[in-house]
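Chain residues, written in single-letter form:
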Amino acid sequence: RSPAKRFRPSEHRNTFDDVAGMEHAKRELQEVVEFLKDPAKFQRLGAQIPKGVLLMGPPGTGKTLMARATAGEAGVPFFSISGSEFIQMFVGVGASRVRDMFRTAKESAPSILFIDEIDAVGRVRGAGVGGGHDEREQTLNQILSEMDGFQQTEAVIVIAATNRPDVLDPALLRPGRFDRHVTVERPSREGRVGILKVHCRKVPLSDNVNLEEIAAGTTGFSGADLKNLVNEAALNATREGKDAVDSEDFDVARDKILMGAKREEILSE
Ligand code: ATP
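The rules behind the values
- Every chain is numbered independently, its residues counted from 1 as its sequence is written.
- At least 70 in pLDDT is required for a residue's local features to be given in this predicted model, at least 80 for side-chain atom pairs to be given and counted, and no such filter applies to totals for whole chains, interfaces and linings, which use all residues.
- Only heavy atoms go into the side-chain values, all of them from the structure, while hydrogens and water stay out.
- Each aromatic pair joins two rings of Phe, Tyr and Trp (for Trp, the six-membered one) with centres within 6.5 Å, and gets the label stacked for planes under 30 degrees apart, edge-to-face for over 60, and tilted for any other angle.
- Elements are defined by DSSP. Helices are runs of H or I of four residues or more, strands are runs of E of two residues or more, and each kind is numbered from the N terminus.
- The rule is simple: take the accessible area with a 1.4 Å probe, protein chains only, and divide by the maximum for that residue type; under 20% is buried, over 50% is exposed, in between is partly exposed.
- Note on method: axes are straight lines fitted to C-alpha atoms, helices fitted across the in-contact stretch only, with angles between N-to-C directions ranging 0 to 180 degrees.
- To sort the angles, those under 35 degrees are grouped as roughly parallel, those over 145 as roughly antiparallel, those from 65 to 115 as roughly perpendicular, and the leftovers as oblique.
- Handedness of a crossing follows from how the near helix is turned relative to the far one, being left-handed for an anticlockwise turn of less than a right angle and right-handed for a clockwise one.
- Throughout, a residue-residue contact means that at least one pair of heavy atoms, one from each residue, lies within 4.5 Å.
- Under the grouping applied here, Gly and all other residues not named as nonpolar or charged are polar, the nonpolar ones being Ala, Val, Leu, Ile, Met, Phe, Trp, Tyr, Cys and Pro and the charged ones Asp, Glu, Lys and Arg.
- Paired strands are those between which DSSP finds at least two bridges.

(A) Representation of the packing of aromatic side chains within the structure. Enumeration according to the criterion identifies 3 aromatic pairs in this entry. Aromatic pair F78 and F114: ring centres 5.7 Å apart, planes at 25°, arrangement stacked. Of this pair, F78 sits in strand β2 (residues 78–82) while F114 sits in strand β3 (residues 111–116), and the two are 36 residues apart along the sequence. A relative accessible area of 4% means that F78 is categorised as buried.

Here you go:
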C-alpha cells in the first residue's frame, strides 16, 4: 500500500467557530493559520514560525478540536495519528509509519500533522527497564529526526497534544521541535456557557432552559463532558417523546454523568 493510501487527511472539517472560548490558544494558533495560508509571505520577510506546537491540558478540553480547527481555518489538509497507536505496532513499524506520515504531509503541504497523546511515545527515553521499550524509543527518535530534517519552506506544521507534559522527553521540547507551548485549561463558568451554546446550535430548547444556570451547575466539566451532557439531555427528551429539550432533561443528564464519574472514581480506588 502506498503511504498516500495509509494516511488520508481527515474529512471532518472544523473552524474556530466550533471552538468556544480558548481565546489564548486561538491567538497562538492564528499565526500558524496565517503561515499556512501563505507560507511564501513569511519566507519573503524571513520570519520564522515554529515547526512544532505542543497543546497541553486535561482530557476532553478540546485539544484535538483546536488542532483540527486550525487546519480548517487555514484550509489545509489535516493528518492525524495517536501516540497510542504506535504502541501496538510490531518492531520497526512505528518508525517507518512516522516516515510515511511525514512524507505524506510534505507531499500535501501546506498541511498540519497532528500527533495526539504524544506522551505515549514521547516519554523520557531510557526510563523503562529493557523489553518493549526499544520500539517506542525508535519511534520517538524517528519523530525527532523527521522534525530536524524538514525545512520551514516545506510548510508542514506539526501539532502534538498531551495531558502529561511532565513525562515528556526534554528532547521533544528543544528549539526547532515542539518549542511553542500552548496550555488549555478546563473551561470557566463563562467558557462552559460558550461551549453549551456551540453544542446546542442544532438542538431545539424549551423556554425553561437557562444555559447560564446549567453552566453554574457543571463546575469541573470539560468540553467533552458538556457535549455529552447536551447529547444525554437530547436522548432523554427523545425517549420521553418531547419535541424540545427542557431543563428536566438537563437535570437527568447531569445526574447520569455525575453518577458515571463517581462510579469511575470508586472503581479506580
Ligand atoms: P483528549 O485529551 O481526551 O484527546 P482533547 O483535549 O483532544 O481530549 P477533544 O477530543 O478535542 O479534546 O474534545 C472532545 C469534544 O469535546 C470535541 O470534539 C468537542 O465536541 C467538545 N469540546 C471540547 N472543548 C470544546 C470547546 N472549547 N468548544 C466546543 N466544543 C468543545
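(B) Inspection of the packing of helix α9 (residues 189–199) against helix α11 (residues 223–239) at higher detail. Look at α9 against α11: their axes get within 9 Å of each other, and the N-to-C directions meet at 45°. Looking at the two axes, α9 sits oblique to α11. Here α9 runs over α11; the crossing is right-handed. Along its contact with α9, which presents R192, I195, L196 and H199, the element α11 presents G223, L226, K227, L229 and V230. Counted by class, the contact of α9 with α11 contains 5 nonpolar, 2 polar and 2 charged residues.

(C) Summary view of the pairing of strand β4 (residues 156–162). Counted residue by residue, β4 has 7 buried out of 7 residues, so it is predominantly covered. Taking every second residue as pointing to the same face, both faces of β4 are buried, with V156, V158, A160 and T162 on one and I157, I159 and A161 on the other. Here strand β1 (residues 52–56) runs beside β4; their pairing, made up of 5 bridges, is parallel. Paired with V53 across the two strands is I159, which belongs to β4.

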